[in-house]
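Examination of the molecular architecture
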Amino acid sequence: MARCCCMLVLLVALGVCAASRGREWAHHGASMFADLTPREMRDVRDYLQGKPELGLTATRGKDLKKNSILLMELHLPRKHEALRTLDRGQAKPTRQARVVVQFGNQAQPNITEFIVSPLPFPTSYTGKTFKGDRPIRFESRPITAAEYSHIIDILQKITAKVHKVLFETTGGFSFHNCTNRCLTFSDIAPRGLESGERRTWIMLQKFVEGYFIHPVGFEVLVNHKDLDPERWTVEKVWYNGQYFDNVEELAERYEKGTLEKVQLPDHDDEDLYSTYIPRGHSNTRTDIHGPKLVEPQGPRYHVDGNFVEYAGWSFAFRVRSSAGLQIFDLRFNGERIAYEVSLQEAIAFYSGDTPAAMQTKYIDAGWAMGTVDYELAPGIDCPEIATFLDLHHYYDTDKPMRYKNALCVFEMTTGMPLRRHFNSNFQGSYNFFGGLENHVLVLRTTSTVYNYDYIWDFLFYQNGVMESRVSATGYIHATFFTPNGLHYGSKVYNFVLGNLHTHLIHYKVDLDIAGRENSFESMDLKYVNFTNPWSHKHSVVQSKLVKTQHQTERSAAFRFGKKFPRYVHFYNPNEKNKWGHQKGYRIQYNSHANSVLPRGWREENGISWSRYPLAVTRHKDSEPTSSSIYTQNDPWEPVVSFEDYIRNNEDITNQDLVAWVTVGFLHVPHSEDIPNTATPGNSVGFFLRPFNFFDEDPSLSSRSTVIVRPDKEGKPKVQRWTPEVVGHCVTDKPFFYNGTYAGV
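Residues numbered from 1 in each chain as written. Predicted model: local features only at pLDDT ≥ 70, side-chain atom pairs only at ≥ 80, totals over all residues. Heavy atoms only, no water.

A separate point is unusual backbone geometry. Geometrically, the link from serine 117 to proline 118 is a cis peptide bond, its omega value of -15 degrees lying close to zero. One non-glycine residue, asparagine 177, lies in the positive phi region at around 55 degrees. Mapped onto the fold, asparagine 177 is located in the loop between α5 (163–169) and β5 (183–187). By relative accessible area, which is 63% here, asparagine 177 ends up exposed. The phi dihedral of asparagine 649 falls on the positive side, at around 55 degrees, and the residue is not glycine. Structurally, asparagine 649 is set in the loop between α8 (643–647) and β31 (657–667). (Helix = DSSP H or I, 4+ residues; strand = E, 2+ residues; numbered from the N terminus. Buried < 20%, exposed > 50% of the residue type's maximum accessible area, 1.4 Å probe, protein only.)

All right, on to the sheet that holds strand β22 (residues 489–493) then. Spatial strand order, β21-β23-β22: three strands in an open sheet with antiparallel pairing. The strands lining the two open edges of the sheet, one partner per strand, are β21 (478–480) and β22. Going from strand to strand, the sheet's axes swing by 40 degrees on average, the running direction of each strand aside. Judged from the three bridges that link them, β21 and strand β23 (residues 496–499) form a sheet pairing that is antiparallel. Note that in β23 the partner of alanine 478 across the bridge is glycine 498. (Pairing = 2+ DSSP bridges. Axes fitted to C-alpha atoms, helices over the stretch in contact; angles between N-to-C directions.)

It is worth spelling out the UniProt feature "domain: Copper amine oxidase N3-terminal" (unreviewed entry) in the protein chain at this point. Taking the numbering used here, the UniProt-annotated feature "domain: Copper amine oxidase N3-terminal" (unreviewed entry) corresponds to residues 141–241. Regarding residues 141–241, the helix share stands at 24% and the strand share at 29%, and the terminal C-alpha atoms are separated by 31 Å. (UniProt positions renumbered as here; feature names shortened; annotations may be inferred.)

Moving on, we get to helix α3 (residues 79–88). Among all positions of α3, only Lys79, Ala82, Leu83, Thr85 and Leu86 are buried. For α3, the angular spread of buried residues about the axis comes to 160 degrees, placing them on one side. Immediately downstream of α3, the backbone of glycine 89 shows phi near 75 degrees, a positive value. (Arc of directions from axis to C-beta.)

In this section: the nonpolar core. One finds Phe218, Ile327, Leu443, Trp456, Phe460 and Tyr507 to be the most contacted residues of the largest nonpolar core, which totals 146 residues. If one sorts the elements of this core by residue count, strand β14 (residues 335–350) sits on top with nine residues. Met41, Tyr47, Leu54 and Val116 belong to the second-largest nonpolar core, a separate cluster that totals 18 residues. (Core = buried A, V, L, I, M, F, W, Y, C linked by side-chain atoms within 4.5 Å.)

It is worth spelling out the packing of aromatic side chains at this point. Under the criterion given, the structure shown has 38 aromatic pairs. Between the aromatic rings of phenylalanine 207 and tyrosine 211, the centroid separation amounts to 5.7 Å while the plane-to-plane angle is 55 degrees, which identifies the pairing as tilted. Ring geometry for tyrosine 211 against tyrosine 450: centres 6.4 Å apart, planes inclined by 70 degrees, an arrangement best described as edge-to-face. With tyrosine 211 in the loop between β6 (199–206) and β7 (215–223) and tyrosine 450 in the loop between β18 (430–449) and β19 (452–461), this pair connects stretches of sequence that are 239 residues apart. Looking at tyrosine 211, the relative accessible area reads 17%, which means it is buried. Through successive ring pairs, a cluster of aromatic residues spans Trp313, Phe315, Phe332, Phe460, Tyr585, Phe693 and Phe694. The residue whose ring lies beneath arginine 141 is phenylalanine 138, and the NZ or CZ to ring-centre distance is 4.1 Å. Directly above the ring of phenylalanine 481 sits lysine 491, whose terminal nitrogen or CZ lies 5.1 Å from the centroid. (Phe/Tyr/Trp six-rings, centres within 6.5 Å; stacked < 30°, edge-to-face > 60°. Lys NZ or Arg CZ within 6 Å of the ring centre and 35° of its normal.)

This part covers the pairing of strand β30 (residues 614–618). Each regular strand displays side chains that alternate between the two surfaces of the sheet. In terms of burial, β30 is a largely internal element, four of the five residues being buried. Where strand β27 (residues 557–558) meets β30, two bridges bridge the pair, whose relative direction is antiparallel. By the bridge assignment for β30, phenylalanine 558 is matched with leucine 614. In terms of strand pairing, β30 meets β31 through five bridges, oriented antiparallel. Each residue of the ladder has a partner; that of threonine 617, found in β31, is valine 658.

Here the focus is the UniProt feature "domain: Copper amine oxidase catalytic" (unreviewed entry) in the protein chain. UniProt records the feature "domain: Copper amine oxidase catalytic" (unreviewed entry) for residues 292–700 in the present numbering. Between the C-alpha atoms that bound residues 292–700 there is a distance of 28 Å. The span itself is 2% helix and 51% strand.

In this section: the pattern of salt bridges. A full pass over the atoms with the stated rule returns 48 salt bridges. Here lysine 79 makes a salt bridge to aspartate 512, at a shortest N to O gap of 3.1 Å. Taken together, the residues lysine 79 in helix α3 and aspartate 512 in the loop between β24 (501–511) and β25 (519–531) connect sequence positions 433 residues apart. With relative accessibility at 1%, the residue lysine 79 sits in the buried group. Given a relative accessible area of 2%, aspartate 512 falls into the buried group. Note that glutamate 604 is salt-bridged to arginine 611, the shortest N-O span being 2.6 Å. For arginine 611, a relative accessible area of 8% corresponds to the buried category. (Salt bridge = Lys/Arg side-chain N within 4 Å of Asp/Glu carboxyl O.)

What follows is the structure in structure tokens.
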């Protein structure tokens, strides 16, 4: 008996030791995924600019014929190298930087990517290629501040020729030599109709608060492919439903009185509809604040650099400059659930009657979606109690840029129990009540990609569930109203059409369920009809579970428009829980997505991932992302083609699997989108939910549980494991529960 007790104690001690060691390795390895520090960015910049063969100059400045750094971000280690650190405690791989360089000062301008290492003291750089060695067209590069400065210059020249038209029809607004009533512009992408082009539709708007919804009915197509801005040309002009070959033709028609012109209101009150200034009657008291989130005894989570721990969860995070929020080495109670869950791309494809509207197909990684994560407002973007962190990016700049308080971490209560039960005795009282408050940890950042604001969340629940959620808000992309425009949206104000569009968001979910060797199955229901065994003259009709094992990548690529399985389940065929089930997780969707273009239609080639709500592939370090910063301006011949990832149709049984998840929604703008789209109803995402991964609900370990039972006298006896009084910020009264019910 004593020997058995000693053996049990030894096993427990070994388990505790292993868990402690695993936590130490996870903490130690988190920095592998940390974004580049400002020091590392400066060191890489200085190293490359010191290489005479590259001929690099400053990024800022108006010259387009230059060699300069466009983007710098962390180059991730290979997965098997990272796992040696995370699972064995070995030394971390060498830190490296991915650097995108624009070589404009040479006979054949090009875009080249380099891997620079080691950090923080680089000594080498090597070329980086994409799968299939696809070349990066120079015309596919993202637009820069230098190029925008020349666009402003050419718009000055263009609008000077039609100054009278614009000034007299917009209520005194002008782009040329304006003072307090100025026009601004929005540029549309992709920039052309086929690969190798760089010509952009530009629409003018009144430069007031919320100018996105103040179009003035003037759009112009500028060809700016040449690196000499003096050789840029105007190819087409659109004004109030009429097309012209040049601005001179428009001005001439205006002077002759043959132009079908529009007269916009010329008083300032008309421009207030796009502001946040309150208007209308309110029934809410203004002398007191609404509810606030508090931490009565302080935070229950821990943040150390880019490593976070909370209620059994641990993970590392980063905000990739080109794409956005990512988490790595996601563990629950020490067991890895996923190696990577990361945002890959966000698109918004529009329809409309004006040339700008029908051309708008925004692919947001092409606008460096990860770098537009501006400061978060306490009490609005995140609770005041949140932990706020700064982010640093190096994009179209000559030095690292600090984005203050651009990411936040906080714990919140959802106002909904995680679980609860009232057990009635059906005699006016109860046998017991049990409940657990639902607390979640939230990791949040935002991306303001011009007019739209995306709020990116990862939420971590006490029962081993993780949620990925994106909420859309900000200004709609609006164009000038034409009667035919009502086929493509709604009139939301005088002369303003809110254009219909579809948002799609793509995620990479590299699951490692109880190890790297995973399989994938889908589950559906079918009706079965059989003789009732206890009443033979009757039949029983009920649902039966039907499982389909998907053995190849093609069989696990589900197309939009086809029936999607009720459950999609990833599991480890070699590991079982206490009840004999293979340990697994499933992906549950909260989405209303659909395809945005027919398969293979021009720009659709650049977003082939959008064909599938779910596609499952084998993990490859050569397939790190589903999109690139170049897709926006060359979707016709993309350097990253997701379709290539499943074309070879590899075996996915008992393999290291990656789930590629597409979520989204259709937005038909309406008058309530003025001034902004609101978040309710505009949030989509997915859940990672344990499915026989545990032996029981892991939230049973939470000491926030409350149980109430009547004692012998019928008085409530409260059993709890946290302080009886929550705290004066919430209530000074102890928890009380009666539970009886009676007639009155």
